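# Summary of structural features
The lines below spell out each chain.
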Amino acid sequence: MSSLTIDKAGPRRNVKYGSMSRDRAWALRWSYVFLTIFAIFSLLPPVYMLITSLKSSAEISAATNPWWVFHPTLSNYMQLLSSNQFLRFFWNSAVIAVLVVIITMLISIPAAFALARMKFWGSAVLATGVFLTYLIPDSLLFIPLFKMFAMFGDWTGIQLINRWYVLVLIYPTLTVPFCTWIMIGYFASIPKELDEAAIIDGASWFQTLTRIFIPVALPGLIAATIFAFTVSWAQFLYPLVFTTSTDQLVMPVGIITSLVKGDVFNWGQIMTGALLGAAPPLIIYAFLMDYYIAGLTAGATKG
Amino acid sequence: MAEVNLRKVVKRYDDVEAVRGIDLDISDHEFIVLVGPSGCGKSTTLRMIAGLEDITDGDIMIGGDVVNDVPPKDRDIAMVFQNYALYPHMTVAENMSFGLRLKHYPKAEIKARVTEAARLLDITDLIDRKPKQLSGGQRQRVAMGRAIVRNPKVFLFDEPLSNLDAKLRVQMRIEIKKVHQKVRTTTVYVTHDQVEAMTLADRVVVMNKGRIEQIGAPNELYHNPATRFVAGFIGSPAMNFLPCRLEEVGDKLNIRLTDRIAFPLPPRRAAQYKAIPRTDRLLLGIRPEHIAEVRPHAEAGIEPFDAVLDVTEPMGMETLVYFTLEGAQVCGRVNPNAGARDGAPMRLAVDLNNMHLLDETSGVVLGRV
């Protein structure tokens, strides 16, 4: 009979007991690792752009370390900022973006308010429909739209193709559905009692919108504004298709068409132009971020 | 200030009838509380008075005018909501004056009214704060202030205290009563809490399944309920209901609860219930405070019996005792020094002078005076 030894400590269990704080520390460490990787991944291109924008054409074409500037120069900046053409692109982009934001807000805010609050027949279907239109990519739409505007020009004699303001008409097809959609969400999150209180206080629908909903949903409005601005600022396909004359171009298209001549790429100025072009959205983000994050509805109701 | 009258008011949502033809006359200065379980139609009724819900049928009158198709802002009413519904981006003063500013009142008058309401509600120090800087009780005061400054014909309260903790609720209840005593505006107040209803109301309207069960002063509802629903809803712990029947013993009338337990009815009650057929299935309704320990000098109509206690709940000023009688749980209230213990037998006495007799099938209280 074989002898049996009994382990007094009981059977060994292959389980590690971790404390909550250790778990949390572990999660934190890994999130830092991945965030760092992600930050490097997304920051490398702009850093490379900045480095290249500070180089002369000669240094760019010389086979030196691409990640270091040996003879920094601001000549690319000087040339672009003193070029009427570039300033024209910038101006066109700015005017279009501002007008598109205004048009988008004028349409989206009342639309979202109506769809979120005024219960009418088919409002839910309509709200979903608004969002579905956003899902149609612009690469599918640009040919029919071009045809439409060309026909419009033939019929009425009003030329819209190759005019910068045609973009003011086209961009809202991208911005209005999405902005309406996110604002429906913001408006729907406002407690119903708030508009009922306003209505009992004697406010009309319009006053309820302007004096209660817009101030309370300001973070949502700002998110929508940022979105509309960014979309119109960064659009490439539509301006490429609809505008051709140099004085009608917007920045993203203008940089490509004016700084790439045949197979000659003026890399220094392209990078400078792209950096300068990226500045306005960055500045807007920086200023509006606080509003964007602030939860303004706190205190309206319980909790 | 004005009267409010409801005439056969009906509210139907698709195929659900939330309010089934209610008639209610609220006189000027009166404080009316609509009370009932959730889904009884009390909030819908209030919202119809406010104009936030259309009425399917019937008439609502405020100050003698039919307001069925009058929009809320022209009904001259003010409403206080359960979740306060303060405008989060406005200060307390701006919240309170919003309605007056919309109506373009002179600035001086707005200021005077806001100051007066703030003083009345003791929120003068908070006037420049935003709602998120206020506690729940303070927010509810501001919501009341917003109603008061408008000086409307009618105040409507939709469960205003339900979001507050128990202690604050008691305090605010007293505040609301004080405010009403000062401003005397006709008030319709909705709650599911029968204590709030009893303490605040001039008259309580008990609602159930879209109908009014009974309208009456708090004490009347308590002592003289019309139906089993009202009898069971008003009062805490709730009234006990025990199956029983009447039987004649000589020229006297007995109420028989079980084969073993039967009590002779006191003469006044016997006269009251004489006409009820002996064969009917009845319920004895008796409030817990009318089942107590046996006292040495019992009055007429107080009948002793023995029970084995299941559970006792010491409340400090009294002890609640629970026992089972023919499968029904019964609650009594005894003196804390009466020696009630879990699982122990106890000699109790029921006060039949305060009993109610109900028809088991219809739930109607019989022989009401």
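Residues numbered from 1 in each chain as written. Chains lettered and ligands numbered in written order. Predicted model: local features only at pLDDT ≥ 70, side-chain atom pairs only at ≥ 80, totals over all residues.

## Examining the overall build of chain B
- Across its full length, chain B holds nine helices and 21 strands.
- Overall, chain B is about 80 × 45 × 35 Å in size when its C-alpha atoms are taken along their principal axes.
- Considering chain B as a whole, with its 369 residues, one finds that 42% of them fall into the buried category.
- Looking at chain B alone, contacts between residues at least 24 apart form 67% of all its contacts between residues at least 6 apart. (Helix = DSSP H or I, 4+ residues; strand = E, 2+ residues; numbered from the N terminus. Buried ≥ 20, exposed ≤ 12 C-beta atoms within 10 Å, placed from the backbone. Contact = placed C-beta atoms within 7 Å.)

## Quick look at the overall build of chain A
- Broken down by element type, chain A carries 14 helices and two strands.
- Expressed as a percentage of its 303 residues, the buried residues of chain A come to 31%.
- For chain A, long-range pairs separated by at least 24 residues make up 76% of all intrachain contacts whose partners lie at least 6 apart in sequence.

## Things to note about helix H3 (residues 107–121) of chain B
Residue and element names in this part refer to chain B.
- A rise of 1.5 Å per residue sets the reference length of H3, with its 15 residues, at 21 Å; its end C-alpha atoms lie 21 Å apart and thus fit the reference within 8%.
- Restricting attention to buried positions, one finds in H3 the residues Ile110, Val114, Ala117, Ala118 and Leu121. The buried residues of H3 occupy an angular sector of 100 degrees when projected down its axis, which confines them to one face. For H3, exposure combined with an orientation more than 90 degrees from the buried face picks out Ala108, Glu109 and Arg119.
- On its buried face, H3 is in contact with helix H2 (92–102) and helix H4 (136–149).
- Looking one or two residues past H3, Asp122 carries a phi angle of roughly 60 degrees, positive in sign. (Expected span 1.5 Å × (residues − 1). Arc of directions from axis to C-beta.)

## Topic: the interface of chain A and chain B
- Contact with chain A, which involves 21 residues of that partner, is made by 24 residues of chain B.
- Counting only elements with at least two residues in the side of chain A that touches chain B, the list comes to helix H9 (192–200) and helix H10 (205–216) of chain A.
- Top contributing element to the side of chain A that touches chain B by residue count: H9(A), with six residues.
- A per-class count over the side of chain A that touches chain B returns twelve nonpolar, five polar and four charged. (Nonpolar A, V, L, I, M, F, W, Y, C, P; charged D, E, K, R; others polar.)

## A word on the nonpolar core
- Counting 162 residues, the largest nonpolar core has A:Met183, A:Phe187, B:Val33, B:Met79, B:Leu156, B:Val188 and B:Val205 as the members making the most contacts within it.
- By residue number, the principal contributor to this core is helix H4 (residues 84–117) of chain A, which donates 13 residues.
- Setting aside its immediate chain neighbours within four residues, B:Val205 contacts B:Leu24, B:Ile32, B:Val33, B:Leu34, B:Ile212 and B:Ile215. (Core = buried A, V, L, I, M, F, W, Y, C linked by C-beta atoms within 7 Å.)

## A few points about the packing of H3(B) against H4(B)
All names here are of chain B.
- For the pair H3 and H4, the least separation of the axes is 9 Å and the interaxial angle reads 135 degrees. In terms of orientation, H3 and H4 fall into the oblique class. Considering how the two elements wind past one another, H3 and H4 form a crossing that is right-handed. On the side of H3, the interface is formed by Arg113, Val114, Ala117, Ala118, Leu120 and Leu121, while H4 contributes Arg141, Met144, Gly145, Ile148 and Val149.
- Residues that form the contact of H3 with H4 fall into these classes: eight nonpolar, one polar and two charged. (Axes fitted to C-alpha atoms, helices over the stretch in contact; angles between N-to-C directions. Parallel < 35°, antiparallel > 145°, perpendicular 65-115°, else oblique. Left-handed = near helix turned anticlockwise from the far one by under 90°.)

## Considerations on the domain arrangement of chain A
Residues and elements named next belong to chain A.
- Assigned domains within chain A: domain 1 (20–61) and domain 2 (75–293).
- For domain 1 and domain 2, the distance between their C-alpha centres works out to 29 Å.
- Opposite the eight residues of domain 1 that make contact, domain 2 presents eight residues.
- Listing elements by their share of the side of domain 1 that touches domain 2, those giving two or more residues are helix H1 (20–53) and helix H2 (57–61).
- Element by element, the count of residues in the side of domain 1 that touches domain 2 is highest for H1, at four residues.
- Here the residues of the side of domain 1 that touches domain 2 are counted per class, giving three nonpolar, four polar and one charged. (Domains from an automatic or database assignment.)

## Quick notes on the environment of B:Gln140
Residues and elements named next belong to chain B.
- Its location among the elements puts Gln140 in helix H4.
- For Gln140, a count of 28 C-beta atoms within 10 Å gives the class buried.
- Distance in space between the C-alpha atoms of Gln140 and Phe81 is 8.6 Å, their sequence separation being 59 residues.
- If we skip the residues at most four places from it in the chain, Gln140 touches Tyr84, Pro160, Leu164 and Met172.

## Points about the packing of helix H8 (residues 172–189) of chain A against helix H11 (residues 218–234) of chain A
All names here are of chain A.
- At a minimum axis distance of 9 Å, the contact between H8 and H11 shows a crossing angle of 165 degrees. Judged on the interaxial angle alone, H11 and H8 are roughly antiparallel. Of the two elements, H8 crosses H11, and the hand of that crossing is right-handed. Across from Leu174, Thr175, Phe178, Cys179, Ile182, Met183 and Tyr186 in H8, the residues of H11 making contact are Gly220, Leu221, Ala223, Ala224, Phe227, Ala228, Val231 and Ser232.
- Along the lines of polarity and charge, the residues of the contact of H8 with H11 split into twelve nonpolar, three polar and no charged.

## Describing the sheet that holds strand S11 (residues 240–249) of chain B
Residue and element names in this part refer to chain B.
- Taken in spatial order, the six strands make up an open sheet running S13-S12-S11-S14-S20-S21, and their pairing is antiparallel. Two strands close off the open sheet at either side, each with one partner strand: strand S13 (262–264) and strand S21 (365–366).
- Sheet topology note: the strand S20 (residues 356–359)/S21 ladder contains two bridges and is antiparallel. The residue bridging Leu357 from the neighbouring strand is Leu366, located in S21. (Pairing = 2+ DSSP bridges.)

## Quick notes on the pairing of strand S14 (residues 282–286) of chain B
Residues and elements named next belong to chain B.
- With five of five residues buried, S14 is to be regarded as a mostly interior element.
- Neither face of S14 is open: one carries Leu282, Leu284 and Ile286, the other Leu283 and Gly285, and all of them are buried.
- Across five bridges, the pairing between S11 and S14 is antiparallel. Counterpart to Asn240 in the pairing with S14 is Ile286.
- As paired strands, S14 and S20 are joined by four bridges and run antiparallel to one another. Residue pairing for S20: Leu284 is matched across the bridge by Leu357.

## Observations regarding the sheet that holds strand S10 (residues 211–216) of chain B
Residue and element names in this part refer to chain B.
- If you walk across this open sheet you meet the six strands as S6-S7-S8-S3-S9-S10, and the pairing is mixed. Each edge of the open sheet is held by one strand with a lone partner, namely strand S6 (77–80) and S10. Between one strand axis and the next, the sheet turns by 20 degrees as a mean value, whatever way the strands run.
- When strand S9 (residues 203–208) meets S10, the two strands line up antiparallel, connected through five bridges. Note on S10: the bridge partner recorded for Asn208 is Arg211.
- In the packing of H4 onto the sheet, contacts are made with S6 and strand S7 (154–158), and the angle to S6 comes to roughly 180 degrees.

## Some thoughts on the pairing of strand S17 (residues 319–325) of chain B
Residues and elements named next belong to chain B.
- Sheet analysis places strand S16 (residues 302–314) next to S17, joined by five bridges and oriented antiparallel. In the sheet register, Val311 faces S17, and the bridge partner there is Tyr322.
- Counting the residues between successive antiparallel strands, the hairpin from S16 to S17 contains four residues, one of them, Gly316, with a positive phi of roughly 100 degrees.
- Bridge count for S17 against strand S18 (residues 328–334) is seven bridges, and the pairing is antiparallel. Paired with Leu320 across the bridge in S18 is Arg333.

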